[in-house]
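Fold and contact review
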Amino acid sequence: LINCLIHFYKRTFYALKMSGMTEEWEEGTTENSTKYFVKIKNFGKKMKTWANSRKICSEPFFVRSSKFELIICPNGVDDDSENYVSVYIQNLSDFEVKINFEIAIESKNVSWKNIQIEGLSDDGTCEQIGDEKFYLHDDLINDSVLDQGTLTVSVEISLAWEELASDVKELKQEVVNLKNMMQTMDTFLTSKFTALESSMKSSLPCPECPICFEEMKPPTRIVQCRTGHLICQQCRDVKEVISCPTCKEEFTGRAFGMEKHLRALFC
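Across its full length, the protein holds six helices and 14 strands. Evaluated residue by residue, the protein yields a buried proportion of 35% over its 267 residues. Of the contacts formed within the protein by residues at least 6 apart in sequence, a portion of 62% connects residues at least 24 apart. Accessible area for the protein stands at about 16,200 Å²; split by element, carbon and sulfur atoms hold 50% of it.

So this is what it looks like as structure tokens:
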């Protein structure tokens, strides 16, 4: 039944603080939690005379860096919740949070676990989470909750997680900067290695044909004699070249091993 009474709202909020209407204090504050109290004077009269949607807004209070506000509507938030006390918590931070919280009036309470609440939007609106039919007026009177017309509402909040928008933005920018730096460094190193590789290849010794004195770099075909001397295929094909010009031995065929070696060096 309680779950049926819980409603979630995102509303445009324009705060109206009324001096002397409330007394407010905190108890049991720790690093990640607090319990905030709002004592509202002449609440019984407000239930009868206030229009629905009229709100009492607590002073902002903090849990770590997260900023919250307790909202109480003495006569509901709309026609459907009229004759009920509506209660809400809202996140006034400019970042998203996840919280556990409980709103209570005397022994009557309602709680939420691991609720994620968005922060202030660009247009100044913020998300409110609460119960629009928290306490029926007749039940509140019958339960003798009012103390000479005064009502005390409390909210206990524990912070499960908060996203510091500025920190996240800075971290994202740092990641982008690092990526750009790495890309620039990668381009620089690639160009340097390419230039070094090209320089090394140009400085490597390459066998020359003893007839035409040209380097036998790939894709030159190379022929060898019995003793391993090399000449280029183009010179070998000349009719006058019938034996190795170095040792006069006959040619045995292609020097495939040397061609493969030179491809590995220069290609």
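Let us now look at the side chain of Thr125. Note that Thr125 resides in the loop between β9 (108-117) and β10 (126-136). In this structure the side chain of Thr125 is engaged in a polar contact, spanning 2.6 Å, whose partner is the side chain of Ser121. Side chain to side chain, Thr125 and Asp123 meet in a polar contact 2.8 Å long.

Looking at the protein as a whole, the pLDDT averages 87, with 88% of positions reaching at least 70. Every residue in residues 1-17 scores below 50 in pLDDT, and together they form 48 contacts with partners more than four places removed in sequence or on other chains.

This paragraph deals with the environment of Thr30. Mapped onto the elements of the fold, Thr30 is located in the loop between β2 (22-27) and β3 (33-40). Judged by relative accessible area, Thr30 falls into the partly exposed class, the value being 47%. Reaching out from Thr30, the side chain makes a polar contact with the side chain of Ser33 at a distance of 2.6 Å.

Following the criterion strictly, the structure yields zero disulfides and no others. Sulfur of Cys57: no disulfide; nearest cysteine sulfur belongs to Cys73 and is 8.0 Å away. The structure places no disulfide on Cys225, whose sulfur is separated from the nearest cysteine sulfur, that of Cys247, by 3.7 Å. Overall, Cys225 belongs to the buried group, its relative accessible area being 2%.

Here the focus is the pairing of strand β7 (residues 84-91). Among the eight residues in β7, seven count as buried, and that is most of the element. Of the pairings in the sheet, the one linking strand β6 (residues 66-73) to β7 comprises six bridges and is antiparallel in character. Across the sheet, Glu69 pairs through a bridge with Gln90, a residue of β7.

Moving on: the sheet that holds strand β12 (residues 222-225). Read across the open sheet, the three strands follow the order β13-β12-β14; overall the sheet is antiparallel. With partners counted over all chains shown, the strands left at the sheet margins are β13 (230-232) and β14 (251-254), one partner each. The mean inter-strand angle of the sheet, taken between neighbouring strand axes irrespective of direction, is 30°. Strand direction decides the pairing type here: β12 and β14, joined by three bridges, are antiparallel. Paired with Val223 across the strands is Arg254, a residue of β14.

Right, let's talk about the pairing of β12 for a bit. The two faces of a sheet get side chains in turn, since along a regular strand they alternate between them. When β12 meets β13, the two strands line up antiparallel, connected through three bridges. The residue of β13 that forms the bridge with Gln224 is Leu230. Turn length for the β12-β13 hairpin, with the two strands adjacent in sequence and antiparallel, is four residues, and the turn residue Gly228 shows positive phi of about 100°.

Inspection of the entire model under this criterion finds five aromatic pairs. Here Tyr36 and Phe61 contribute two aromatic rings whose centre-to-centre distance is 4.3 Å and whose plane-to-plane angle is 10°, an arrangement assigned as stacked. With Tyr36 in strand β3 and Phe61 in strand β5 (residues 61-63), this residue pair connects regions lying 25 residues apart in the sequence. A residue is classified by how much of its surface remains accessible, and Phe61, at 1% relative accessible area, is buried.

Conventions used here
- Along each chain, residue indices are assigned from 1 in the same order as the chain's sequence is written.
- It should be noted that, the model being predicted, local features are given only for residues of pLDDT at least 70 and side-chain atom pairs only at 80 or more, the latter also being counted only at that level, while totals for whole chains, interfaces and linings use all residues.
- Hydrogen atoms and water are omitted, and side-chain values are computed over all heavy atoms in the structure.
- The helix count covers DSSP runs of H or I at least four residues long, the strand count covers runs of E at least two residues long, and both are numbered beginning at the N terminus.
- Relative accessibility thresholds used throughout: buried, under 20% of the residue-type maximum; exposed, over 50%; partly exposed, between the two (1.4 Å probe, protein chains only).
- Any pair of residues with heavy atoms lying within 4.5 Å of one another is described as a contacting pair.
- The Shrake-Rupley method, run with a 1.4 Å probe, gives the accessible areas here. Residue values count only the displayed protein chains as cover.
- Any pair of N or O atoms that falls within 3.5 Å is considered a polar contact. Within protein, one atom must be able to donate a hydrogen and the other to accept it, and sequence-neighbouring residues count only if both atoms are side-chain atoms.
- Confidence of the predictor at the level of single residues is captured by pLDDT, which takes values from 0 to 100.
- Criterion for a disulfide: a pair of cysteine sulfur atoms within 2.5 Å.
- Between any two strands, at least two bridges found by DSSP are needed for them to pair.
- The axes are straight lines fitted to the C-alpha atoms, using for helices just the contacting stretch, and the angles between their N-to-C directions are given from 0 to 180°.
- For Phe, Tyr and Trp, rings pair up if their centres lie within 6.5 Å, where Trp contributes its six-membered ring, and each pair is then called stacked (planes under 30 degrees apart), edge-to-face (over 60) or tilted (otherwise).

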